[in-house]
Amino acid sequence: MQSTEFTWTSEDGLNLFAKSYGAESAPLTVLCLHGLTRNHRDFEAMIAALPARYRYIAVDVRGRGQSDYDPNPKNYAPPVYAKDMLRLIDTLGLKKVALIGTSMGGLISILMIRSAPGRISGIVLNDVGPAVEKDGLARIAGYAGKMPPVTDWASAAAAVKTVNGPIFPAYTDDQWMAIARRTYREMPDGKVQPDYDPNIAANLGKMKPGPLTSFFLWHIFGVTKKAPLLVVRGETSDILSQTTAELMVKRHPDARLARVPGIGHAPFLDEPEAVNAITEFLSRLETTA
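Calculation criteria
- Residues numbered from 1 in each chain as written.
- Predicted model: local features only at pLDDT ≥ 70, side-chain atom pairs only at ≥ 80, totals over all residues.
- Heavy atoms only, no water.
- Helix = DSSP H or I, 4+ residues; strand = E, 2+ residues; numbered from the N terminus.
- Rg over C-alpha atoms; globule rule 2.2 N^0.38 Å.
- Areas by Shrake-Rupley, 256 points an atom, 1.4 Å probe, with all protein chains shown as cover.
- Expected span 1.5 Å × (residues − 1).
- Buried < 20%, exposed > 50% of the residue type's maximum accessible area, 1.4 Å probe, protein only.
- Pairing = 2+ DSSP bridges.
- Axes fitted to C-alpha atoms, helices over the stretch in contact; angles between N-to-C directions.
- Contact = heavy atoms within 4.5 Å.
- Phe/Tyr/Trp six-rings, centres within 6.5 Å; stacked < 30°, edge-to-face > 60°.
- Lys NZ or Arg CZ within 6 Å of the ring centre and 35° of its normal.
- Salt bridge = Lys/Arg side-chain N within 4 Å of Asp/Glu carboxyl O.
- Core = buried A, V, L, I, M, F, W, Y, C linked by side-chain atoms within 4.5 Å.
- Polar contact = N/O pair within 3.5 Å; in protein donor to acceptor, adjacent residues only side chain to side chain.

Asks: Just to check I follow, could you spell out the overall build of the protein for this structure?
Replies: Helix and strand counts for the protein come out as nine helices and ten strands. In summary, the protein has a C-alpha radius of gyration of 18 Å against a globular reference of 19 Å for 289 residues, a match within 12%. With the C-alpha coordinates aligned to their principal axes, the bounding extent of the protein is approximately 50 × 40 × 35 Å. Accessible surface for the protein amounts to roughly 12,700 Å². Of this, 54% is attributable to carbon and sulfur atoms.

Asks: For this particular structure, what's the right way to read helix H3 (residues 104-115)?
Replies: Along an α-helix, a turn takes 3.6 residues, which lines up residues three or four apart on a common side. Between its first and last C-alpha atoms H3 spans 17 Å; for twelve residues at 1.5 Å apiece the expected length is 16 Å, and the two agree. With ten of twelve residues buried, H3 lies mostly within the body of the structure. Those residues of H3 lying buried are Met104, Gly105, Gly106, Leu107, Ile108, Ser109, Ile110, Leu111, Met112 and Ile113.

Asks: Sorry, what's going on with the sheet that holds strand S2 (residues 15-21) here?
Replies: The pairing of strands in a sheet comes from backbone hydrogen bonds and takes either a parallel or an antiparallel form. Across the sheet, which stays open at both edges, the eight strands sit in the order S1-S2-S4-S3-S5-S6-S9-S10 with mixed pairing between neighbours. Pairing within the sheet leaves two strands with one partner each, and these edge strands are strand S1 (3-9) and strand S10 (255-260). If you compare each strand with its neighbour and ignore which way they point, the axes differ by 20° on average. Where strand S9 (residues 229-234) lies against S10, six bridges are found, and the strand directions are parallel. In the sheet register, Arg233 faces S10, and the bridge partner there is Arg259. Sitting on the sheet, helix H2 (residues 78-91) is in contact with S1, S2, strand S3 (29-33), strand S4 (55-60) and strand S5 (97-102), with an inclination near 115° to S1. Running at roughly 155° to S10, helix H8 (residues 242-251) makes contact with strand S6 (120-126), S9 and S10 of the sheet.

Asks: How should I be thinking about the packing of aromatic side chains in this particular structure?
Replies: Both the distance between ring centres and the angle between the ring planes are used here to describe each pair of aromatic rings. Enumeration according to the criterion identifies seven aromatic pairs in this entry. Ring geometry for Tyr54 and Tyr56: centres 6.5 Å apart, planes at 80°, overall edge-to-face. On the basis of an interplanar angle of 50° and a centroid distance of 5.4 Å, the ring pair of Tyr171 and Trp176 is categorised as tilted. The same class applies to Tyr171 as to Trp176, namely buried. The rings of Phe168, Tyr171, Trp176 and Phe268 are connected pair by pair, giving a single aromatic cluster. Over the ring of Trp153 we find Arg181; its NZ or CZ atom is 4.2 Å from the centre of that ring. Looking at Arg182, its charged tip hangs above the ring of Phe268, at a distance of 4.9 Å from the centre.

Asks: Help me out: how do you make sense of the pattern of salt bridges in this one?
Replies: As a working rule, side chains carrying opposite charge can pair if their charged atoms are close by. Taken as a whole and assessed by the stated rule, the structure comprises 13 salt bridges. A salt bridge links Arg62 to Asp70; its shortest N-O distance comes to 2.4 Å. On the basis of relative accessibility, which here comes to 5%, the residue Asp70 falls in the buried class. In this structure, Arg119 engages Asp90 in a salt bridge whose closest nitrogen and oxygen atoms are separated by 2.9 Å. Of this pair, Arg119 sits in the loop between H3 and S6 while Asp90 is found in helix H2, placing the two residues 29 residues apart along the sequence. Each member of the salt-bridge network shares a partner with another, and the members are Asp12, Arg62, Asp70 and Asp84.

Asks: Is there a simple way to explain the nonpolar core in this structure?
Replies: Among soluble globular proteins, nonpolar side chains are generally buried collectively. Ranked by size, the top nonpolar core spans 94 residues in total, and within it Leu31, Val59, Met85, Met112 and Leu282 carry the most contacts. Beyond its immediate chain neighbours, meaning those up to four positions away, Val59 contacts Trp8, Phe17, Ala18, Leu31, Cys32, Leu33, His34, Asn39, His40, Met85 and Leu88.

Asks: How should the side chain of His34 be read in this particular structure?
Replies: Considering the arrangement of structural elements, one finds His34 in the loop between S3 and helix H1 (44-49). Within the local environment of His34, its side chain forms a polar contact with the backbone nitrogen of Val61, the two atoms lying 3.0 Å apart. Those residues in contact with His34 that lie beyond four places of it in its chain are Asn39, His40, Phe43, Val59, Asp60, Val61, Arg64, Thr102, Met104 and Gly105.

Asks: How do you make sense of the side chain of His265 when you look at a structure like this?
Replies: Here His265 lies in the loop between S10 and helix H9 (272-288). Assessed through its relative accessible area of 9%, His265 is described here as buried. A distance of 3.0 Å separates the side chain of His265 from the side chain of Ser103, its partner in a polar contact. Within the structure, the side chain of His265 is placed 2.6 Å from the side chain of Asp127, a separation counted as a polar contact. Those residues in contact with His265 that lie beyond four places of it in its chain are Ser103, Asp127, Arg139, Ile140, Ile167, Ser237, Asp238 and Ile239.

Shown next, in the form of structure tokens:
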């Protein structure tokens, strides 16, 4: 699929990176938003598996990949990210987009439809919802911005496997290397390091699951009723519980749930179950566009 790389400028002057796949004349544009420590490369396998007739735009959220790092860590927060994404679709002159959001990207998606409901044609929430499980949040806080130093690509793959092995128990060494290549970068001196600003985790401590937080997040989730919704959940996820996923679908007038077996948080969305569900969902959005 044809692809082009480009940058846009945030309201506070950061240069942010994105990669576009497919034709600008496509009947549907899909904006792909990654998780906390990831970047646009997370979606390469998914995009390759989805219908080529759509346009996909995968971004590097500020502080990740080829986007500028923010000198103020307080800006590493979903409300700021959502503003960046709305500025992106304005910059590109897009009237409407569909959203695929993994983990943090799902939270960004919810905030985007809250701010601009008329601009969002549908949302795929990948393994995230208005109730975040404590164990999963603690696990992510334990490694985000704290990965041990690695010396080369082999040790980067080993580090990724150590952190994520229980989540993807069937992954091969080649798959761990592929993930390492997507989440680390090689510096000019040959050293390999995580492809994000360590300060992105600065605000994680403010996310404390509890009754008040849950009430607020469920209230915010209500705005997703303004567009069709697909919820994707990894079978063993420690972030999105089965109970929460089912309740999300129950509370939404046009929502479906897809389960990816044998995987935790979060599916890469190139799994057959995810590809089939997303393909069907995008087709529905296309017919109602």
